[in-house]
Amino acid sequence: MPGRKFDPNTPRAIRGMAWQRKLLSDIKAEHEASDVREYFREHHGVEDELELCLLEHRYGDVMVFSEEERKHLECVVCPPKGNGYFPQHKIDNYKSEAGCDKWYAFIISENGIDGEEVYIHSRTWNSYASKLPENKWLGKSFRIYSADILRKIRAKKFCYQEVIVS
């Protein structure tokens, strides 16, 4: 992302990576799945960090393989109280495409490990989120949302199994 480098030591990044690792571990216990960055490193020889970042923006954090259609999950941690800030670039770039069924995997949590899981299809969330109030920080646009908003989405699922087998 131009102008701002990812810092893995921020509390937000630590929570997000914890959620991503937990979800991937849970899914791998039952299904063939991979971290998107690792998949492109191993199967396509991609080593450039910027290219991996762009692939992650397009394909999410976790890929689940099946005979019909790959499932892609973008992991997001939502605070239990107060507001969350959802990046506009995710709304713009994370869209379903042929052979890729894309979902947002939210966890409502303080730590990214324990909490309420909410899964929303990218088409549904992107449409809804694009109408949320906008905020700018360091030139980047974010949409303001909350755990209550996630809970009110009718088309949500409550566990990854509902997403994987749908």
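Here, the structure is the one placed above.
Presented here is a report on the structure given in the accompanying data block. The shown structure was predicted, so the numbers you read here are calculated from the model rather than taken from an experiment.

Sheets are built from strands paired through backbone hydrogen bonds, the pairs being either parallel or antiparallel. In spatial order, the strands read 1-2-3-5-6; together these five strands make up an open sheet with mixed pairing. Every interior strand has two partners, whereas the edge strands, strand 1 (33-35) and strand 6 (116-121), have only one. Adjacent strand axes in the sheet meet at a mean angle of 25 degrees, parallel and antiparallel pairs treated alike. Of the strand pairs in this sheet, strand 1 and strand 2 (residues 62-64) are connected by three bridges, and their pairing is antiparallel. Looking at the pairing, A33 lines up with V64 of strand 2. Docked against the sheet, helix 2 (residues 36-44) engages strand 1 and strand 2, running at close to 95 degrees with respect to strand 1. Packing against the sheet, helix 5 (residues 122-129) makes contact with strand 5 (100-108) and strand 6, and its axis sits at approximately 90 degrees to strand 6.

We now examine the pattern of salt bridges. Within this structure, the stated rule accounts for 13 salt bridges. Its salt-bridge partner being E97, residue R58 comes within 2.6 Å of it at the nearest N-O pair. One end of the pair, R58, is in helix 3 (residues 49-59); the other, E97, is in the loop between helix 4 (88-93) and strand 5, and 39 residues separate them in sequence. Among the salt bridges present, the one from K71 reaches D101, with a minimum N-O distance of 2.8 Å. With K71 in strand 3 (residues 70-78) and D101 in strand 5, the pair connects residues that are 30 residues apart, well separated along the chain. Here the residues in one salt-bridge network are R37, E38, R41, E49 and E56, joined through shared partners.

Time to look at the nonpolar core. Judged by nonpolar contacts, the single largest core of 18 residues is most densely connected at F86, Y104, F106, I120, W125, Y145 and L150. Elements supplying a minimum of two residues to this core: strand 3, strand 5, strand 6, helix 5 and helix 6 (147-152). Ignoring sequence-local partners within four residues, the contact set of F86 consists of V76, I91, Y104, F106, W125, S141, F142, R143 and Y145. Counting 17 residues, the second-largest nonpolar core is a separate cluster that includes I27, V62, V163 and I164.

At their nearest, the axes of helix 2 and helix 3 sit 9 Å apart, and the two run at 125 degrees to each other. In terms of their interaxial angle, helix 2 and helix 3 are classed as oblique. Crossing of helix 2 against helix 3: the hand is right-handed. Where helix 2 approaches helix 3, its residues V36, R37, F40 and R41 are matched on the opposing element by E49, L52, C53, L55, E56 and Y59. Split into classes, the residues belonging to the contact of helix 2 with helix 3 amount to six nonpolar, no polar and four charged.

Reading the values: the criteria
Residues numbered from 1 in each chain as written. Predicted model: local features only at pLDDT ≥ 70, side-chain atom pairs only at ≥ 80, totals over all residues. Heavy atoms only, no water. Pairing = 2+ DSSP bridges. Helix = DSSP H or I, 4+ residues; strand = E, 2+ residues; numbered from the N terminus. Axes fitted to C-alpha atoms, helices over the stretch in contact; angles between N-to-C directions. Contact = heavy atoms within 4.5 Å. Salt bridge = Lys/Arg side-chain N within 4 Å of Asp/Glu carboxyl O. Core = buried A, V, L, I, M, F, W, Y, C linked by side-chain atoms within 4.5 Å. Buried < 20%, exposed > 50% of the residue type's maximum accessible area, 1.4 Å probe, protein only. Parallel < 35°, antiparallel > 145°, perpendicular 65-115°, else oblique. Left-handed = near helix turned anticlockwise from the far one by under 90°. Nonpolar A, V, L, I, M, F, W, Y, C, P; charged D, E, K, R; others polar.

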